Amino acid sequence: YNSITMENEMKPDALLGSSATLISIDEAKALGYVIPANYKESTVPQLNFYFTDRALEFCVENNLGLRGHTLVWHSQTPSWFFKEEFKSNGAFVSPEVMDARMEFFIRSVMGHVYDQDNGSVLYSWDVVNEYVHANENGWKQVYGEEGLSAGFVKKAFVIADDVLRQYGIRENVSLLYNDFNTYSDFPQILNLVEFINGDGKVCDGVGMQSHLSVDDPHVIKYITAMKKFLEAGLEVHITELDVGNSNDIYQAQYCYDIMKKILELKKEGAAINGITWWGVGDNVSWRPGENALMFTNIDTPKKTYFQVLKAYTDAGFTVGE
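Residues numbered from 1 in each chain as written. Predicted model: local features only at pLDDT ≥ 70, side-chain atom pairs only at ≥ 80, totals over all residues. Heavy atoms only, no water.

## Observations regarding the environment of serine 94
Right, so step 1: Tracing the sequence through the fold places serine 94 in the loop between strand S4 (65-73) and helix H4 (95-114).
Right, so step 2: Spatially, the C-alpha atoms of serine 94 and phenylalanine 49 are 28 Å apart, while their sequence positions differ by 45 residues. (Helix = DSSP H or I, 4+ residues; strand = E, 2+ residues; numbered from the N terminus.)

Right under this line is the structure:
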């Protein structure tokens, strides 16, 4: 293991809070926040970087990489962030105001990370999360239904790309579009990424969340979708892997089969640049009762764990102690 993802602590609601704590522009600048030129409001919400900073420190101390998850997501962004005066009961702001708020948020969060020495461990951002599957939400209330040509999604990547270039680290950090059911909905996701990259490549690849079950998807279906992303010149990160099952033996076999195929592609040179299990043990999984992880608890590996290691060695990789 050489990388971690914070499950919730870097999502927008963790940074913004359940209600807005507003500070002046001068106070914000004194804290190192970035106020873009198009930001016309007199206050900004204060950001809580406590857990982000602890994660960065932990990664430095333990020689780990960190994935930034996530900057733009409909599901865990507080409703007040889209409203006038940052009030939950306010009217939705205009697209122009939201553009400025989004830019403030992305630049301030990324800037906070890379303004410190510990920031070098953060090697990948899920810039936008689950747009293709988003239903009614604040982003759509503000911008309307934009389909697979979503201007605000593209702007988010353009801003993130610009931040990395300003810090001179664009070649060291990946910017991803992250989503679930990528094995079924890869045509829509490819169309969205093609739109994002229409004026130059700012989205490096796709995060395949991979909340799987032993009976769906079939390994061939999953690998076919992965190949579509790779053939489009995109890198792939498996970002949230777990496999629900009713029998550890079925899980072990499924995980061996799918991991071996993934690792064979990697061995051939495919740009598969991360595999993240979404938790360590079943006792802390977000899928209670589905036995979806490789360990029963942190001290008790399942048959799946040893079959995954076997997949590595059978694909030609060396597995350390």
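## So, helix H8 (residues 219-231)
Right, so step 1: With 13 residues, H8 extends 18 Å between its outermost C-alpha atoms, agreeing within 8% with the 18 Å of an ideal straight helix rising 1.5 Å per residue.
Right, so step 2: Among the residues of H8, those classed as buried are Val219, Tyr222, Ile223, Ala225, Met226, Phe229 and Leu230. Within H8, the buried residues cover an arc of 160° as seen down the axis, which keeps them to one side. Away from its buried face by more than 90 degrees, H8 exposes Ile220 and Glu231.
Right, so step 3: Of the residues flanking the end of H8, it is glycine 233, one or two places downstream, whose phi is positive at about 80°. (Expected span 1.5 Å × (residues − 1). Buried < 20%, exposed > 50% of the residue type's maximum accessible area, 1.4 Å probe, protein only. Arc of directions from axis to C-beta.)

## Section: the nonpolar core
Right, so step 1: Core analysis: the largest hydrophobic core is formed by 97 residues, its most contacted members being Trp125, Phe157, Tyr222 and Met226.
Right, so step 2: Apart from residues no more than four positions distant in its own chain, methionine 226 is found in contact with Met208, Val236, Ile238, Ile262, Leu265 and Ile272. (Core = buried A, V, L, I, M, F, W, Y, C linked by side-chain atoms within 4.5 Å. Contact = heavy atoms within 4.5 Å.)

## What to know about the pairing of strand S5 (residues 122-129)
Right, so step 1: Burial within S5 is extensive, with 7 of its 8 residues counted as buried.
Right, so step 2: Pairing between S4 and S5: 6 bridges, direction parallel. Within S5, the position partnered with tryptophan 73 by the bridge is asparagine 129.
Right, so step 3: Chirality of the crossover, the property in question, places the unit of S4, H4 and S5 among those that are right-handed.
Right, so step 4: One ladder, built from 5 bridges, connects S5 with strand S6 (residues 174-179); its direction is parallel. In the sheet register, valine 128 faces S6, and the bridge partner there is tyrosine 177. (Pairing = 2+ DSSP bridges. Right-handed = clockwise from strand over helix to strand, strands pointing away.)

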